[in-house]
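# Summary of the model geometry
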Amino acid sequence: KQFKDGLEKTRKGFVEKVAELVTRRKKIDEEFFEELEEILIGADVGVNTVMELIDDLRDEVKKRKIEDAVDLQPIMSEKLIGLLRGDEDNEIKLNPDGITVILFVGVNGVGKTTTIGKLAHYYKQQGKRVLMAAGDTFRAGAIEQLEVWGERVGVEVIKQSAGSDPAAVMFDAVQAAKQRGVDILLCDTAGRLQNKSNLMEELNKIFRVIQREIPGAPHEVLMVLDATTGQNALAQAKLFGEKSGVTGLVLTKLDGTAKGGIVIAIRQELSLPVKLVGLGEKMEDLQKFDSEQFVHGLFA
Ligand code: GDP
């Protein structure tokens, strides 16, 4: 799926609502700003960002003596685009000298396994040798689910039995990757949040094993967030992301929400770049995050 299709719900629930407001109210007055504020907050742009944006628009209206809402619309789009654009690097870093290890972290159900499967497919299509590690030994069914993806995209999965030590799985996976001349190793991890300190310990152990076996690895630690949970996703990233070595974010299920404004909130409130977005359940429904394309898809 491309951004244009994947962002249809957000376009309807957000961009088209703004357009409707402009046509209906015509004049810029207090009620106009109030309704606009409601739409933006409803799309999960984030209260702080919305307040700043509205203040900014009020200033523009005064400065340029704008009266008609229709004249404000291009300024508004411009500002939203400005909030989304960034010059930060959102490319996934590959190791030029050998195996690239990418670790995925995130709460259960956010779409970690699906993203790993999709990314395995993407790299395989590019002619790379890919391997997946079933490091979520905690959640029932997680290993099998990764295996289903492995079969679907034709990529091998390194696993142990449920309940085993994830660091041991990673050790096996790294050895297998070395033996087989693998380019990309994608590692799943457990996502239970109820036991945060244990989870951190587990992740640290995984880090140590990977670092010891491949200097410089992991090359990316991607935190997966579910866009349909909106501000919750942002809270999760704040709580968990900035202190666990996370290098980038994956925002899944953008196709399933009208609250795509969460991308703006994330960009405003976190220093972590969004590197990938999920736009559906199929193996092709993963895109590198590109703010220009995103904006284009939103306002198309
Ligand atoms: P995990 O527990 O984090 O590994 O999550 P899963 O990969 O099992 O995903 C949970 C559910 O979300 C599954 O039903 C997936 O098909 C679905 N899912 C994952 N990514 C996307 C996406 O980008 N769009 C949609 N619509 N569904 C997704």
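Residues numbered from 1 in each chain as written. Predicted model: local features only at pLDDT ≥ 70, side-chain atom pairs only at ≥ 80, totals over all residues. Heavy atoms only, no water.

For the protein, the name recorded in an unreviewed UniProt entry is Signal recognition particle receptor FtsY, with Paenibacillus lutimineralis as its organism. Turning to the protein, the UniProt record has this under Subunit (unreviewed entry): "Part of the signal recognition particle protein translocation system, which is composed of SRP and FtsY." Comment text from UniProt for the protein, heading Function (unreviewed entry), reads "Involved in targeting and insertion of nascent membrane proteins into the cytoplasmic membrane. Acts as a receptor for the complex formed by the signal recognition particle (SRP) and the ribosome-nascent chain (RNC)." (UniProt positions renumbered as here; feature names shortened; annotations may be inferred.)

UniProt's entry tags residues 273-286 with the feature "domain: SRP54-type proteins GTP-binding" (unreviewed entry), counted in the numbering of this structure. Across residues 273-286 one finds 0% helix and 43% strand; the C-alpha atoms that close the span lie 16 Å apart. (Helix = DSSP H or I, 4+ residues; strand = E, 2+ residues; numbered from the N terminus.)

Turning our attention to the site of the ligand. As a matter of local geometry, the ligand sits amid 17 residues, with G109, T113, T114, Q145 and E281 nearest to it. In this structure, K112 approaches the ligand through a main-chain N or O atom, which is 2.7 Å from an oxygen atom. Considered on its own, the ligand offers 590 Å² of accessible surface; in the complex 81% of this is hidden by protein. If you map the ligand onto the pockets, it falls in the largest pocket. Broken down by element, the shell around the ligand gets its largest block of residues, four residues, from helix α6 (residues 112-125). When grouped by side-chain class, the residues that make up the shell around the ligand number three nonpolar, eight polar and six charged. (Near = heavy atom within 4 Å. Polar contact = N/O pair within 3.5 Å; in protein donor to acceptor, adjacent residues only side chain to side chain. Areas by Shrake-Rupley, 256 points an atom, 1.4 Å probe, with all protein chains shown as cover. 1 Å grid on protein atoms, 1.4 Å probe; cavity = no way out; pocket = protein on both sides within 12 Å on 5 of 7 lines; lining within 4 Å. Sits in = over half its atoms within 2 Å of the grid points. Nonpolar A, V, L, I, M, F, W, Y, C, P; charged D, E, K, R; others polar.)

As a further point, take a nonpolar patch on the surface. A surface patch of nonpolar side chains, about 220 Å² in accessible area, is lined by I41, V47 and M51. Counting through the fold element by element, I41 comes out in helix α3 (residues 30-42). (Patch = residues over 30% accessible without salt bridge, like charges linked within 9 Å, V, L, I, M, F, W, Y side chains within 5 Å. Salt bridge = Lys/Arg side-chain N within 4 Å of Asp/Glu carboxyl O.)

Looking now at the environment of M170. With respect to the element layout, M170 can be found in helix α8 (residues 166-180). Exposure remark for M170: the relative accessible area of 1% places this residue in the buried category. Contact partners of M170, with chain neighbours within four places excluded, come to A133, G135, C187, D188, I206, V209 and I210. (Buried < 20%, exposed > 50% of the residue type's maximum accessible area, 1.4 Å probe, protein only. Contact = heavy atoms within 4.5 Å.)

Let us look at the layout of surface pockets. Taken as a whole, the largest pocket encloses approximately 300 Å³ of empty space. Contributing to the lining of the largest pocket are 20 residues, with G109, V110, G111, T114 and K253 lying nearest its centre. No other element matches α6, which puts five residues into the lining of the largest pocket. When grouped by side-chain class, the residues that make up the lining of the largest pocket number two nonpolar, 10 polar and eight charged. For the second largest pocket, the calculated volume is near 150 Å³. If you go around the second largest pocket, the residues you meet are K118, L119, H121, Y122, Q125, L276, M283, E284, L286, Q287 and K288. Broken down by secondary-structure element, the contributors of at least two residues to the lining of the second largest pocket are α6 and β8 (286-288). A per-element tally of the lining of the second largest pocket places α6 first, with five residues. Broken down by class, the residue content of the lining of the second largest pocket amounts to five nonpolar, three polar and three charged. (Points joined across faces, edges and corners; volume = space filled by probe spheres on them.)

What follows is about helix α11 (residues 262-269). Here α11 lies mainly inside the structure; six of its eight residues are buried. Taken as a whole, α11 has its buried residues at I262, V263, I264, A265, I266 and R267.

The end-to-end C-alpha separation of α3 is 18 Å, in line with the 18 Å expected for 13 residues at 1.5 Å each. All of the buried residues in α3 are F32, F33, L36, I39 and L40. Seen along its axis, α3 keeps its buried residues to an arc of 125°; they face one direction. Tucked inside the fold, the buried residues of α3 contact α2 (8-25), α4 (47-64) and α5 (69-84). (Expected span 1.5 Å × (residues − 1). Arc of directions from axis to C-beta.)

Further remarks concern the sheet that holds strand β6 (residues 248-252). Strand order across the open sheet formed by eight strands is β3-β2-β4-β1-β5-β6-β7-β8, with mixed pairing between neighbours. Edge strands, defined here as strands with exactly one partner in the open sheet, are β3 (156-158) and β8. Neighbour-to-neighbour, the strand axes of this sheet turn through a mean angle of 25°, independent of strand direction. Packed on one face of the sheet, helix α7 (residues 142-153) meets β2 (130-133) and β3 and runs near 170° to β2. (Pairing = 2+ DSSP bridges. Axes fitted to C-alpha atoms, helices over the stretch in contact; angles between N-to-C directions.)

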